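The lines below spell out each chain.
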Amino acid sequence: MGMSAGDERAASPRDEEWPEAEKAEKLARGAALKWASGVFYRPEKLEGLGHYRRRETQRNNSIQSRLKSTVQSYLEGVSAGLEQLRSAAQEVQGVCQDLGAARWALLDSADHFQGLQQMRKLMEEHVQLASVVQVLPQIFSVHEVFSHILQLLHGQHLLEAHVELMMVEQLRDDILSQLHLRGLSGAQTTVLSYFSGLQDLNESLAKQLWDIVGSSLRLVREDPVLFVTAVRIIEREEKIDDALLLEATFLPPGRPKGWRQKFYQVLQDTITGGRFHAPRLDAEGPGLAKHLAALQKDIVSELHVVKDLMVQCVPAHYNILSVCTATYHQALSSHLQEILREDLDKQGLFLLLEWALRVYHSPEMMGHPDLLPEVDVSALDPLMSSELVDQTERRYVMKVKASVVEWMQRTLEVEFKEWFREEEPETDHEGFFQSALPAIVMQMLNENIQVASLITNSLQQKIYNMALEELEAFLGRLREALVQCGKEHQQDRAVPKYYISHLLAVLNNNLALSNSVSSLHPDTACREVPGSLQAALDRMQKKATQLLLEELLLDLQLLLAETELLVANQYLRALLQRKMVCKSREERGQLCHRLLQDATQLRELFCGLGLDRGQQSLEAVFALRELICLKDPALLSLEVLGFITKYPDVSDEHISTLLDIRGDVSKEVRHVVLEMMAQHPQALPEGYRPIFSTILVPVPELPFCLRKGKCA
């Protein structure tokens, strides 16, 4: 039974193993079909079909030949590789057999190896003994070398002494290292005891080195060789320390010495030793300025020496200039804190703040042109921390405050005494009363604020706030003093003599202070007066104005009383000196009405001006009117007695004139009244204001009689 070509391809094992081949074959057939349809779409093209068939057959044969050649070469390589693998497997099997034989041979020779181990130990001991024999002369001469090293040290031949000292140390360390490797600790103790002199020599050498380092600032100027020698020895020891620490197998006793670190420590102790432990007297009062000036001079001078000379005598990695700069800086910082523990006055605190915050960084000290740019303290911590600066500023403000309070109190006492002087206060160019108080107070406060501005803005602001507070308190005390002065003046109006003038001066002073307060502010753009201070100024102004008005009102009352007395006196004078006689009761009634009208009008006038009725002298007019209006003349003696009791300065002439004005008094009544007055003389009481004593009445005219006629 036959199968089609498609079935054969479907059943082909190659297609089952390589599905991509089927896909490629389909693509190839499709491409060939497309190409054939494009070439043979015309009938005349079919004539060349045989030609195309032969060409494609040749091409397929060529491709198949190349494929067969390539596959053949691959197959030959695979065969060669398999042959090599077979040969290698045989060789590995032979090596395994040889190794097994060698293992059995080694196991058979184990007893012989123990004998070789003993031989190795004997050989090591022989090598050690040979080494010991070689160093025996050196070991026996150790004490002799110690003596020689000591002589070299006494002669300050430090380099030579250090070389021999290193050789002895190397010998000791080698022996100790060998003993350490073998765990012979007892033998190490013996060796250390034998080389015990090394410790004393090391200490002696170190003492000389540290003495040299301690005098380094002087030696680099006078004899730098000795200082350089010390530095070279220190560097040798530092290299030995580094090598031993790097090996990390055995560290000999006394190692690491750390002499470089000791060098820094001794140098720092030298810098901070005597200079920054000044006596207590030098850190107080006027001595502080001298002490700080000496520090400034010495530090700048010594940094010059370090920068110009010492830097050349030590390795660059020492950073000796930076180390010295930092040491001076830290020592100064600690020294200033130590000084601040004392109870400094305000001058001392100011000097310390100015020196630490201004002078220290100025061209006169750490910013000196000869030190820059190598010396730079800007990278270090502040000489005084911000907390310490703030604390010191507050202490300074408290000291200044105490001084200001004391000064203001003295100024107030002087001002208070000035009020009671027998002189008027000073006047300005315009003639207004004033005193020196505003100028003194403002100058004192302004000077303190300006001085504080030389330090920091924060200190200036603190002093400004303190100044305003104390000025406010001063105004309160000034107001109290003014009240006290007013009380004393109320007790005795003659004291002070120029009370009103001084009150005007106080008002002008208060106005001057109010106009000057804004000038105290550090910021010229901000001239606002604080509310509490303005309130104190207003209270002071109100109190002075109140006292002035009270005094003026009292003076006005006195003037008004004098005026009223004068008016009453003139009215009575006009009444008594006028030749007036009432001829009838109607005329007396008209006169009484007129007196009542005039007296009432005048009394209301003066009451309206503020004069109390009890202080008015016009009451005498009302009393006199009662005498005139009395209807029964027989009662005049009693009325006159009451009148003269109330007005004791009235005279017989005044009463007689008054009786004449009535016009109805008989001679008998007149005689009784005058007799009664003679029997009851009146004395002027203390404080009585005379009314009638200044009024002169005309003497009664006596009738002129002729000899030949009768008197009328």
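See the structure printed just above.
Thresholds, definitions, all that
- Per chain, residue numbering runs from 1 following the sequence as it is written.
- The model is predicted, so local features are restricted to residues of pLDDT at least 70 and side-chain atom pairs to those at 80 or more, both for listing and for counting; the totals for chains, interfaces and linings are taken over all residues.
- Computation of side-chain values: all heavy atoms of the structure, hydrogens and water removed.
- Only DSSP runs of H or I with at least four residues qualify as helices, and only runs of E with at least two residues qualify as strands; both kinds are numbered from the N terminus onward.
- Accessibility here uses a 1.4 Å probe with only protein chains present; expressed as a share of the type maximum, an area under 20% marks a residue as buried, one over 50% as exposed, and anything in between as partly exposed.
- Residue contacts follow a heavy-atom distance rule, with two residues in contact if any of their heavy atoms lie within 4.5 Å.
- The accessible surface values rely on the Shrake-Rupley method and a 1.4 Å probe; as for residues, cover is taken only from the protein chains in view.
- The aromatic pairing rule takes the rings of Phe, Tyr and Trp, using the six-membered ring of Trp, and pairs them if the centres are within 6.5 Å, calling planes under 30 degrees apart stacked, those over 60 edge-to-face and the rest tilted.
- The rule is short: NZ of Lys or CZ of Arg within 6 Å of the ring centre and within 35 degrees of the ring normal puts a charge over the ring.
- The convention used is that axes are lines fitted to C-alpha atoms, helices contributing only their stretch in contact, and that angles between N-to-C directions extend from 0 to 180 degrees.
- Any angle from 65 to 115 degrees is called roughly perpendicular, while one under 35 is roughly parallel, one over 145 is roughly antiparallel, and all others are oblique.
- Cysteine sulfur pairs qualify as disulfides if the two atoms are within 2.5 Å.
- Basic side-chain nitrogens of Lys or Arg form a salt bridge, by our definition, when they fall within 4 Å of a carboxyl oxygen of Asp or Glu.

Topic: the overall build of the protein
Along the backbone of the protein there are 25 helices and two strands. Within the protein, buried positions represent 35% of all 712 residues. In the protein, the share of contacts with a sequence separation of at least 24, taken over all contacts with a separation of at least 6, comes to 74%. Here the protein displays about 43,900 Å² of accessible surface, and carbon together with sulfur accounts for 56% of that area.

Some thoughts on the packing of aromatic side chains
Tallying each qualifying case throughout the model produces 12 aromatic pairs. When the centroid spacing of 5.4 Å and the interplanar angle of 70° are considered together, the rings of phenylalanine 263 and tyrosine 318 count as edge-to-face. Here the residue phenylalanine 263 occupies a position in helix H12 (residues 259-273), and tyrosine 318 occupies one in the loop between helix H13 (286-308) and helix H14 (320-340), the gap between them amounting to 55 residues. When sorted by exposure, phenylalanine 263 lands in the same class as tyrosine 318, which is buried. Between the aromatic rings of phenylalanine 643 and tyrosine 647, the centroid separation amounts to 5.2 Å while the plane-to-plane angle is 45°, which identifies the pairing as tilted. You can call phenylalanine 643 buried: its relative accessible area is 5%. Sitting above the plane of the tryptophan 259 ring, lysine 257 keeps its charged end 4.7 Å from the centroid.

Observations concerning the packing of helix H22 (residues 619-629) against helix H23 (residues 636-646)
The N-to-C vectors of H22 and H23 enclose an angle of 170°; their axes lie 10 Å apart at closest approach. One finds that H22 runs roughly antiparallel with respect to H23. Residues Ala620, Ala623, Leu624 and Leu627 of H22 form the contact with H23, whose own contacting residues are Leu636, Glu639, Val640 and Phe643.

As for the state of the cysteines
The full count for this structure, using the stated rule, is one disulfide. A sulfur-sulfur distance of 1.9 Å marks the disulfide that ties cysteine 592 to cysteine 629. Here cysteine 629 lies in helix H22 and cysteine 592 lies in helix H21 (residues 585-608), a separation of 37 residues in the sequence.

Remarks on the pattern of salt bridges
Under the criterion given, the structure shown has 24 salt bridges. In this structure, the salt-bridge partner of lysine 497 is glutamate 422, at a minimum N-O distance of 4.0 Å. Note that lysine 497 is positioned in the loop between helix H18 (457-491) and helix H19 (499-516) and glutamate 422 in the loop between helix H16 (386-419) and strand S1 (426-427), a separation of 75 residues in sequence. The salt bridge partner of aspartate 664 is arginine 662, with a shortest N-O separation of 2.9 Å. Using a relative accessible area of 25% as the deciding quantity, one classes aspartate 664 as partly exposed. A relative accessible area of 1% means that arginine 662 is categorised as buried. One continuous salt-bridge network, built from bridges that share partners, spans Asp390, Glu393, Arg394 and Lys462.

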